[in-house]
Amino acid sequence: MYHPLLQIHLMTDDTFTILRSGFDTLEIAYRCAIPEAFLFAVGEAKQKAELSRKEEPLSYLGETFLVGASGASGGYAYVINTGPTKAIWCFRSKVASPSDPWRARVKIRSYCLALKGLIAAKNECDQFLITIGAVFDSNDARVSRADYAVDVYCPQFKAIPENFVVSARTTKTEIIERSSTGDRCNYLRIGKLPGKQLCVYDKGSKIKLDNDLIWKAIFEKAFATSGIPYCKAGQLNGVWRFELRTGSKYLTQALGIRRWDKFISDHKSALLSIIRAISLRVPSADTNRARWLPDVRWNALESHIIRQLSTEPFGELPAEIRKLLKDEFLTGIYAQIAGCLLTTAAAENVCQDKLGAFVGQVSLRSLETLLHNENLATELSKRRQRVNWHLGASAA
């Protein structure tokens, strides 16, 4: 059950509040039989994508997705993208070998997991396979990577690499991005995949840099749930993410997690093993860093995982957020159109005071070209599918 507010008031004016937590990335391989009709349809779409050098939209038994022009490593011939808030699938045309029977692989995106939650996201993947006619056992799926994120509000937190103590078996790699205001670490990565890894980074700054409307909405709700006043202009400055990553080698060899049902029952122990192998400590005069006391904030993260305090999924995006996403998409398109018009005007030596009339002429010429296109209906349908995919209309 989700605890709406877990706060630690430190001896300073700092506050450490867990805003939300949940899986952020999930990669799963399925042992399954894929219908030849589906592979044929996807294969044709891939050929078209190769010719056009861009992903080809395909509608199949009610599902709309984009088919890539190339495959993926590991013998996967086809790559399909079911949407920004869904997943990316890879399919093999045949079983690679008796020891490698995984014909389908899926990467569930962070938006999908944040909006729908772990179980619903996995069920959505199962349903996709059912829709295309695949034969499989839902539990006979192997998790090859699972990233779990805890987002906290701690405005005074500083990611100091020297304060993290790791076990002897953990590889330590530091990546430091410094802000323009001084010597500030924005990103820290400890460990290496496909083993175990901890990432600590300034999530709020990344959201603002990317102008990520979906994550802004998610955190606005998280702040409201936690009872902290939310200021759209600056509150995200204090949001940090602690991301625990488990790779395929660590899951299968170190923990013995090979099937989905085993992952569901044991994923808490996997996360705890990371947080105990890599820990935030309080510096002291002791030269042996392993004897430094654990930071109270690290104890809070461990307690959070032990108590299974996972936030409720955000749910379906509200209409106002969808409208903002559509406006953002169209703004980009209109900017491209304006740029093309300006380039065309420059090539035709059109002066600024004649620009209005020139744009009218180009519009008429473009309309004439469109109307003489014998494949206009097909092209328009493809583009409508692509736009719906991008805006998530097919998932609404």
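Just above sits the structure.
In this text, all values refer to a predicted model and were calculated from it rather than measured experimentally.

Analysis parameters
- Residues numbered from 1 in each chain as written.
- Predicted model: local features only at pLDDT ≥ 70, side-chain atom pairs only at ≥ 80, totals over all residues.
- Heavy atoms only, no water.
- Helix = DSSP H or I, 4+ residues; strand = E, 2+ residues; numbered from the N terminus.
- Expected span 1.5 Å × (residues − 1).
- Salt bridge = Lys/Arg side-chain N within 4 Å of Asp/Glu carboxyl O.
- Buried < 20%, exposed > 50% of the residue type's maximum accessible area, 1.4 Å probe, protein only.
- Pairing = 2+ DSSP bridges.

A. Highlighting helix 9 (residues 319-347). When the terminal C-alpha atoms of helix 9 are compared, their 42 Å separation across 29 residues agrees well with the 42 Å that a helix rising 1.5 Å per residue should span. Two residues or fewer past helix 9, asparagine 349 is found with a positive phi of approximately 60°.

B. Representation of the pattern of salt bridges in the model. Summed over all chains, the structure comprises 22 salt bridges. Here arginine 145 and aspartate 147 are joined by a salt bridge, their closest N and O atoms 2.8 Å apart. The class of arginine 145 is partly exposed, set by a relative accessible area of 22%. Here glutamate 243 makes a salt bridge to arginine 245, at a shortest N to O gap of 2.8 Å. Using a relative accessible area of 2% as the deciding quantity, one classes glutamate 243 as buried. Salt bridges sharing common partners tie together Arg20, Asp24, Arg145, Asp147, Asp151, Arg241, Glu243 and Arg245.

C. Inspection of the pairing of strand 2 (residues 15-33) at higher detail. Where burial is concerned, most of strand 2 is hidden: 17 out of the 19 residues are buried. Where strand 2 meets strand 8 (residues 135-153), 14 bridges bridge the pair, whose relative direction is antiparallel. Looking across to strand 8, one finds that glutamate 27 is bridged to arginine 145. Note that strand 2 and strand 7 (residues 102-108) share 6 bridges and pair antiparallel. When the sheet's bridge partners are listed, leucine 26 is paired in strand 7 with isoleucine 108.

D. Quick peek at the environment of isoleucine 160. Relative to the elements of secondary structure, isoleucine 160 occurs in the loop between strand 8 and strand 9 (164-166). According to the relative accessible area criterion, isoleucine 160 is partly exposed, its value standing at 34%. Once the C-alpha coordinates of isoleucine 160 and alanine 33 are considered, the two residues, 127 residues apart in sequence, prove to be 49 Å apart.

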